[in-house]
Structures are given as C-alpha cells and as structure tokens.
Amino acid sequence: LAQATFVKAYIVNEKGDTLKGEAQINPKKELNNYNKVTFKDASGVQKIYKPAKIKAYGANDLHYVSIESEGETFFFNRILSGEISLYKLGFEAMRMNNVVFEVEYYLLNSETKKPVAVKHGNFKKQLADWMKDNAEIAEEYGEEKKFDLEKAIQVISNYNAWKASK
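Note that the structure is a prediction, hence the values are computed from the model and not measured. (Residues numbered from 1 in each chain as written. Predicted model: local features only at pLDDT ≥ 70, side-chain atom pairs only at ≥ 80, totals over all residues. Heavy atoms only, no water.)

Enquirer: How should the layout of surface pockets be read in this particular structure?
Expert: Gaps left between atoms show up when a probe the size of a water molecule is rolled over them. Approximately 160 Å³ is the volume found for the largest pocket. Lining the largest pocket, in full, are Glu-83, Ile-84, Asn-109, Glu-111, Thr-112, Asp-129, Trp-130, Lys-132, Asp-133, Tyr-159 and Lys-163. (1 Å grid on protein atoms, 1.4 Å probe; cavity = no way out; pocket = protein on both sides within 12 Å on 5 of 7 lines; lining within 4 Å. Points joined across faces, edges and corners; volume = space filled by probe spheres on them.)

Enquirer: Would you mind going over the environment of Glu-30 with me for this structure?
Expert: Within the secondary structure, Glu-30 sits in the loop between strand E2 (18-25) and helix H1 (32-35). Each C-alpha atom, one on Glu-30 and one on Phe-101, is 8.5 Å from the other, the two residues being 71 residues apart in sequence. In this structure the side chain of Glu-30 is engaged in a polar contact, spanning 3.4 Å, whose partner is the side chain of Lys-88. (Helix = DSSP H or I, 4+ residues; strand = E, 2+ residues; numbered from the N terminus. Polar contact = N/O pair within 3.5 Å; in protein donor to acceptor, adjacent residues only side chain to side chain.)

Enquirer: Sorry if this is basic, but what is going on with the packing of helix H2 (residues 123-130) against helix H4 (residues 149-164) here?
Expert: Relative orientation and spacing of two packed helices are given, respectively, by the angle between their axes and the distance between those axes. Running from N to C, H2 and H4 cross one another at 10°; their axes reach a closest spacing of 12 Å. With respect to H4, the axis of H2 lies roughly parallel. Counted together, Phe-123, Leu-127 and Trp-130 of H2 and Ala-152, Val-155, Ile-156 and Tyr-159 of H4 form the full contact between these two elements. Here the residues of the contact of H2 with H4 are counted per class, giving seven nonpolar, no polar and no charged. (Axes fitted to C-alpha atoms, helices over the stretch in contact; angles between N-to-C directions. Parallel < 35°, antiparallel > 145°, perpendicular 65-115°, else oblique. Contact = heavy atoms within 4.5 Å. Nonpolar A, V, L, I, M, F, W, Y, C, P; charged D, E, K, R; others polar.)

Enquirer: What is the right way to read the pairing of E2 from this model?
Expert: When a strand is regular, its side chains alternate between the sheet's two faces. Where strand E1 (residues 5-13) and E2 come together, eight bridges link them in antiparallel fashion. Each residue of the ladder has a partner; that of Thr-5, found in E2, is Ile-25. Counted along the chain from E1 to the antiparallel partner E2, the turn is four residues long, and its residue Gly-16 has a positive phi close to 95°. Of the pairings in the sheet, the one linking E2 to strand E3 (residues 37-41) comprises four bridges and is antiparallel in character. The residue bridging Gly-21 from the neighbouring strand is Asp-41, located in E3. (Pairing = 2+ DSSP bridges.)

This is the structure:
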C-alpha cells in the first residue's frame, strides 16, 4: 500500500538558498505535489510550503518549480531544462460530474516569460516555431498527430544539446 512517506528532498527558499531535508510524498495524491510540499528541515522542524512561498523543491528525482500561470502560482514539474524547458502541471477538472486528475504540458524558453501550453493536436508545428534556427531537429518529431511525450522529450533534448554546443 502506497502512503505518504518522508524522502530526502530539498527546497529553494525565496532568497535562493537551498535547504536540505525531507519532503512528504504521497504517490496516491499526486495533485498535492503541484499545490504544496510538507518539508522537514535538518533540525526536524516540519512546515507546509505553498508555491508562492518558495522557488522550487525536489524529491525522488522529481523537480518542481514555482511558476505563475493565469494569476495563480503552482509547482510545475520540470521534465527538461535548457534552451527549451518542458514542464508538467497537474490539476483537478470536472468530467461528467466527476472530479478527475488531469495533466497539461508546457514549454518555456528565455523569450517567453510565462509557460506556453503544448498544442496537443498541432505539436509538430509548435516545435517548428520554437526551433526555427534548426528545423532539422524539429523534423525528428515525425508525423505524430497527437502529442507524444517520449518523442517530445527526445527532440527537445536534442535541440537543447545542439544549442548548448554552439
């Protein structure tokens, strides 16, 4: 049975200092990872942090960054960082009178100040627009009509490596 447990973690406070300790992670309540983190510092003091109060946190190879979107601040799960960064945001939505957990993917680069939602039905064109300086890498995405996360990670990683080598 999966339940909330404390694991090694870090937070980056508002001043930019990284504090090491433990964070409470509950795999059954993934939504919590996007809204708050319960952090226990080295001295054992436990505190709940909202996205507006810290810059980032990480645990279990997952990294979350506080980003404002549509007037609210959330913890976005950073999947890739580089010239083009890829993020995931989890949230609750209503589907046929049921509350369901959904995710949305976002792109961010140095030119965009706010995250831009991935266009699921037209991601190849979106990539081409973001990678104008190397259309060949954007072409690697293929002819997928629907957003393919694994292919997106590969293509964006290739582009970021190319940009970093310039």
